[in-house]
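Examination of the molecular architecture
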Amino acid sequence: DTAVSQTPKYLVTQMGNDKSIKCEQNLGHDTMYWYKQDSKKFLKIMFSYNNKELIINETVPNRFSPKSPDKAHLNLHINSLELGDSAVYFCASSPSLFYRGSSLHFGNGTRLTVT
Amino acid sequence: AQRVTQPEKLLSVFKGAPVELKCNYSYSGSPELFWYVQYSRQRLQLLLRHISRESIKGFTADLNKGETSFHLKKPFAQEEDSAMYYCALTGQGAGGSEKLVFGKGTKLTVNP
């Protein structure tokens, strides 16, 4: 009964490759997010989608392209991977765009290592 | 601009000792604050939020608007409290939406 699930859990790849991370939530939430946790454990929002519509893009390079085929899924595609992309990527969801009275539900994270 | 500051990157206490994880914020509106916890190799999960005024796993946090603080406290730390703790604030995002802004986190280690 996993609420927010991400695949894969680990991803090791070489510089220049293209990779995707998938995320699915079964909570019936309208809003989904991608967060990046760097090596210093700093968490920063990358994107948010509401009902398949892009709401927030926090100056993330164009190499990162989120795709939301429906409101239960938010995938992250990364082109031309760079060493600095190595991080843990967390998917999250919330009932709606507005947080008040609600909270984020996170996936287990995808640890991406670029060599 | 919204900002969350957790001044302590690492905090180490002994089992049974009181623990306080500091969090200060900067936000021009009416904030909503949260504490999230990440146990080793696990997902982030909500610990508590200020509007609920609840105590979870013995932790409490009081919003002090005068000092713009939302410190997390527990009177007697347990070894299973060892984790990464993140303070978070709802801030204004694009198009009137709100986004959750996290502090840099404090790694708490409770020693036996």
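Just above sits the structure.
Note that the structure is a prediction, hence the values are computed from the model and not measured. (Residues numbered from 1 in each chain as written. Chains lettered and ligands numbered in written order. Predicted model: local features only at pLDDT ≥ 70, side-chain atom pairs only at ≥ 80, totals over all residues. Heavy atoms only, no water.)

Examining the pattern of salt bridges
Residues and elements named next belong to chain A. Scanning the model with the defined rule gives six salt bridges over all chains in all. A salt bridge links Lys-71 to Asp-30, with the shortest nitrogen-to-oxygen separation between them at 2.8 Å. Of the two residues, Lys-71 sits in the loop between β7 (64–67) and β8 (75–78) while Asp-30 sits in the loop between β3 (19–25) and β4 (31–37), which places them 41 residues apart along the sequence. Here Asp-30 falls in the partly exposed class, since its relative accessible area comes to 23%. Among the ionic pairs, Glu-82 bridges to Arg-63, the shortest N-O distance being 3.4 Å. One end of the pair, Glu-82, is in the loop between β8 and β9 (87–94); the other, Arg-63, is in the loop between β6 (53–57) and β7, and 19 residues separate them in sequence. Of the residues examined, Arg-63 reaches a relative accessible area of 16% and is grouped as buried. Salt bridges sharing partners connect three or more residues here, namely Arg-63, Glu-82 and Asp-85. (Salt bridge = Lys/Arg side-chain N within 4 Å of Asp/Glu carboxyl O. Helix = DSSP H or I, 4+ residues; strand = E, 2+ residues; numbered from the N terminus. Buried < 20%, exposed > 50% of the residue type's maximum accessible area, 1.4 Å probe, protein only.)

Some thoughts on the interface of chain B and chain A
Taken residue by residue, the interface counts 25 residues in chain B and 26 residues in chain A. At the surface where chain B touches chain A, the tally comes to zero salt bridges. If you look at where chain B meets chain A, you find eight residue pairs in polar contact (both at pLDDT 80 or more). Looking at the side of chain B that touches chain A, the elements with two or more residues in it are β5 (33–38), β6 (45–49), β9 (83–92) and β10 (98–102) of chain B. Examining the composition of the side of chain B that touches chain A, we find that four residues originate from one element, β10 of chain B, more than from any other. The residue makeup of the side of chain B that touches chain A, split by class, is 11 nonpolar, seven polar and seven charged. (Contact = heavy atoms within 4.5 Å. Polar contact = N/O pair within 3.5 Å; in protein donor to acceptor, adjacent residues only side chain to side chain. Nonpolar A, V, L, I, M, F, W, Y, C, P; charged D, E, K, R; others polar.)

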